[in-house]
Amino acid sequence: MIIYVCIGSSCHQRSSYHVMKELKSLIGQNGLEGKVSLHPAFCLGGCGDGVTIKINEEIISGVGMGNVADLFKARVLKTCL
Ligand code: FES
């Protein structure tokens, strides 16, 4: 599984750096380093609604520190475990 986190200017201003750091930490905590790779990306087209990420081919907007862990559980853990 590949997760892209937008680091474009709008997402950067909305803490994409922290979202990326949290995703990296969640991947490590769950021992998924070999199954999930995390990459920065430039604008994914969802600028208006918080940080945008892409999991495989699905674009998800409105990601932030308040929902990234739940999102990880629902979209990543369920698929990988
Ligand atoms: S800058 Fe992140 S989606 Fe556009």
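Residues numbered from 1 in each chain as written. Predicted model: local features only at pLDDT ≥ 70, side-chain atom pairs only at ≥ 80, totals over all residues. Heavy atoms only, no water.

## Re helix H3 (residues 68-80)
What counts is decided by this rule: Here the bend at a residue means the angle between the axes of two seven-residue stretches, the one that ends at it and the one that starts at it. In this description a helix means any DSSP run of H or I spanning at least four residues, a strand means any run of E spanning at least two, and both kinds are numbered starting from the N terminus. Throughout this description, buried means an accessible area under 20% of the type-specific maximum (1.4 Å probe, protein chains only), exposed means over 50%, and partly exposed covers the range between. Every residue pair with non-hydrogen atoms within 4.5 Å of one another is taken to be in contact.
In the structure, H3 departs most strongly from a straight axis at Ala74, where the bend amounts to approximately 30°. Buried within H3 we find Val68, Leu71, Phe72, Val76, Leu77 and Cys80. Along its buried surface, H3 packs onto strand S1 (2-6), helix H2 (16-29), strand S3 (51-55) and strand S4 (58-63).

## Here we look at the side chain of Lys54
Take Lys54: it is sitting in strand S3. For Lys54, a relative accessible area of 18% corresponds to the buried category. Setting aside its immediate chain neighbours within four residues, Lys54 contacts Ile2, Ile3, Tyr4, Leu44 and Ile59.

## Notes on the nonpolar core
Note the threshold: Note on terminology: a nonpolar core comprises buried Ala, Val, Leu, Ile, Met, Phe, Trp, Tyr and Cys residues joined through side-chain atoms within 4.5 Å.
In terms of nonpolar packing, the biggest core is built from 24 residues, with Leu32, Ile53, Val63, Phe72 and Val76 touching the most fellow members. Top contributing element to this core by residue count: H3, with six residues.

## Focus on the environment of Gly66
With respect to the secondary-structure elements, Gly66 resides in the loop between S4 and H3. Between the alpha carbons of Gly66 and Gly50 there is a distance of 11 Å; along the sequence they are 16 residues apart.

## Let's talk about unusual backbone geometry
The backbone of Ser15 shows a phi angle near 75°, a positive value even though the residue is not glycine. One can find Ser15 in the loop between helix H1 (9-13) and H2. The phi torsion at Asn56 lies on the positive side, around 50°, for a residue other than glycine. Mapping Asn56 onto the fold places it in the loop between S3 and S4. According to the relative accessible area criterion, Asn56 is partly exposed, its value standing at 37%.

## Focus: the confidence of the model for the protein chain
Short version of the rule: On a scale of 0 to 100, pLDDT captures the predictor's confidence in every residue.
For the protein chain, the average pLDDT comes to 95, and 100% of its residues sit at 70 or higher. Mean pLDDT per element in the protein chain: H3 is the minimum at 94, and H2 is the maximum at 98.

## A word on the sheet that holds S1
Going by this rule: Pairing between two strands requires that DSSP report at least two bridges joining them. Angular values range over 0 to 180 degrees, each being the angle between N-to-C directions of two axes fitted as lines to C-alpha atoms, with helices fitted over their stretch in contact.
Spatially, S2-S1-S3-S4 is the arrangement adopted by the four strands of the open sheet, whose pairing is mixed. Of all strands in the sheet, those bounded by a partner on one side alone are strand S2 (37-41) and S4. Adjacent strand axes in the sheet meet at a mean angle of 25°, parallel and antiparallel pairs treated alike. Where S1 lies against S3, three bridges are found, and the strand directions are antiparallel. Looking across to S3, one finds that Tyr4 is bridged to Lys54. Where H2 meets the sheet, it contacts S1, S2, S3 and S4, and its direction lies at approximately 170° from that of S2. In this fold H3 packs onto S1, S3 and S4, with an angle of close to 160° to the strand it touches most, S4.

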